[in-house]
Amino acid sequence: MAKLIGNYTVSGQPTENAKPGQPDATEREKAEGAHQATVSEFERRALGRLGGSIAFVMKGKNVLWRGEKATDSSKGTGDEK
Amino acid sequence: MKSSLDRSCLDLVAQATFQKTAEIGFQHAKQNLPYMKQTVLDVPRTSPEKGTSAISMAAGPSLHRRQTIQTIKNLNYRGTLIVADGAMGHCLRNGLIPDYVVCVDPHPTWIIRWFGDPDLATRADDDYFRRQDLDPALNTKERERNDELIRLVNEHGPKIKVIMATCVAPNVVARCRDAGMSLYWWNPICDDYDVPDSHTRRLYDLTGMPCMVTGGNGGASAWIFANAVLQKSPVAFVGMDLGYAPGTPLSKTQYYHELIKVYPEERLSEAYIEIHNPYLNETWYTDPTYYWYRQCFLDVVKQSGWTAYNCTEGGTLFGEGIEWMALDHFIKEQ
């Protein structure tokens, strides 16, 4: 499975995209829950308002995608130089 | 101020970005469909005399602090110049014509300002441009500056190719077309395109345009475009501070108005992150959104394997895969 980075927990993202060595989704959610408790309410509210220009995700080395079917061997241009 | 932002905080910014831009971007793409004649892969390459190097330009404060454009002109840089839309006006006002301008932010009323807004007088008043340090020229005499930019874009537009994301507001598309600019379209990769309800796949199915990683903002997209589509090497970047110079008032930061709505004033500084830049031996600071941009860019560099030459000469962006370099040194090496 190509490594996925970016909008890590956008809804609909399958848990198998977690990075190798990372805790599974349940553990991660627990850890995040613990963290949330330490983050002030106003900080969470602020971060939820601070969207950037455009969403970001990168899958493996694939910088371009032209509708190819998803496989590990899908070609991108990120590794061609 | 903090010294870092952890993953769960970055997630909140990432999710806010997706929620803010995805659906409006899709609606914009539907309206832009009739104008999608050429894709980003059809873009004409630069002439061989320009060589293989490129400089991508964002609109950070170091453009002005370091007189970046003067350096590019004084050293007669002959390579390819790709700019984020926010940096184009600064280039044109200073007599530098970019080869390409990259436009990706779907905001409905702000982005057209970078091209000169013919309807500025009818817009609701805001101080978005006046309070930021991206382009100090817009901080005063806003109307006159806007008129000047309309003239400059109309004059030079036909020489500049626009690398236009399908999600960009239709008023920006109309403005570019009116100015005689050629448009080359792409979809931003916004989520995992292998997921059945993927927003990116939905955009692709609607438009048929190729999809490209964004890096989260126009400056990063410009650098990615230079590498991925133009296949330039080496590619430097300038004006990508992703932060605020020491001494910049919090009220002059991009997201100040959003933060002050939520943070108690006496705790506002807690929203920001201090970063010591060892190359400058200066401590800059940044806000959560810029910090997210920084992490996005570091991720792209690491995962792509491309070397990024940071010739900004300021800011917060350094790390694995990024070579810090003076701009004159980079240009003289080409």
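Heads up: the structure comes first, above all this text.
In short, a report on the structure. (Residues numbered from 1 in each chain as written. Chains lettered and ligands numbered in written order. Predicted model: local features only at pLDDT ≥ 70, side-chain atom pairs only at ≥ 80, totals over all residues. Heavy atoms only, no water.)

## Some thoughts on the pairing of strand 2 (residues 80-84) of chain B
Residues and elements named next belong to chain B.
Item 1. Summarising burial for strand 2: 5 of the 5 residues are buried, a large majority.
Item 2. Pairing of strand 1 (residues 54-57) with strand 2 involves 4 bridges; the strand directions are parallel. Counted as the bridge partner of Ile55 is Leu81 from strand 2.
Item 3. Sheet analysis places strand 2 next to strand 3 (residues 100-103), joined by 3 bridges and oriented parallel. Along strand 3, the bridge assignment pairs Val83 with Val101.
Item 4. Handedness of the crossover is the feature at issue here: the chain leaves strand 2, passes through helix 4 (residues 85-93), returns alongside strand 3, and the resulting connection is right-handed. (Buried < 20%, exposed > 50% of the residue type's maximum accessible area, 1.4 Å probe, protein only. Helix = DSSP H or I, 4+ residues; strand = E, 2+ residues; numbered from the N terminus. Pairing = 2+ DSSP bridges. Right-handed = clockwise from strand over helix to strand, strands pointing away.)

## Notes on the pairing of strand 3 of chain B
All names here are of chain B.
Item 1. Here strand 3 shows a buried face lined by Tyr100 and Val102 and a second buried face lined by Val101 and Cys103.
Item 2. Here strand 3 runs beside strand 4 (residues 161-165); their pairing, made up of 4 bridges, is parallel. The residue bridging Val101 from the neighbouring strand is Val162, located in strand 4.

## Some details on the interface of chain B and chain A
Item 1. Between chain B and chain A, the residue contacts involve 65 residues of the former and 48 residues of the latter.
Item 2. Both faces considered, chain B and chain A share a buried interface measuring about 5200 Å² in area, 60% of it formed by carbon and sulfur atoms.
Item 3. Sorting the residues of chain B by area buried against chain A places B:Tyr193, B:Val262 and B:Gln303 first, and these three jointly supply 14% of that buried surface.
Item 4. Linking chain B with chain A are 2 salt bridges.
Item 5. Close ionic contact of A:Lys59 with B:Asp192 constitutes a salt bridge, the shortest N to O distance being 2.8 Å.
Item 6. The interface formed by chain B and chain A holds 14 residue pairs in polar contact (both at pLDDT 80 or more) in total.
Item 7. Those elements that place two or more of their residues in the side of chain B that touches chain A are helix 1 (7-32), helix 8 (199-207), strand 6 (211-212), helix 9 (218-228), helix 10 (256-262) and helix 11 (288-304) of chain B.
Item 8. Pairing of strand 3 (residues 64-65) of chain A with strand 6 of chain B involves 2 bridges; the strand directions are antiparallel. The residue of strand 6 of chain B that forms the bridge with A:Leu64 is B:Met212. (Contact = heavy atoms within 4.5 Å. Buried area = accessible area lost by both parts, 1.4 Å probe. Salt bridge = Lys/Arg side-chain N within 4 Å of Asp/Glu carboxyl O. Polar contact = N/O pair within 3.5 Å; in protein donor to acceptor, adjacent residues only side chain to side chain.)

## Structural notes on the pattern of salt bridges
All names here are of chain B.
Item 1. Tallying each qualifying case throughout the model produces 10 salt bridges over all chains.
Item 2. Where Glu148 meets Arg145, a salt bridge forms, and the shortest distance between an N and an O atom there is 3.2 Å. In this pair, Glu148 and Arg145 are both assigned in helix 6 (residues 142-156), 3 residues apart and thus about one turn of the helix distant.
Item 3. Its relative accessible area of 22% is what places Glu148 among the partly exposed residues.
Item 4. When its relative accessible area of 28% is taken as the criterion, Arg145 is described as partly exposed.
Item 5. Among the ionic pairs, Arg267 bridges to Glu270, the shortest N-O distance being 2.9 Å.
Item 6. Looking at Arg267, the relative accessible area reads 34%, which means it is partly exposed.
Item 7. For Glu270, a relative accessible area of 31% puts it in the partly exposed group.

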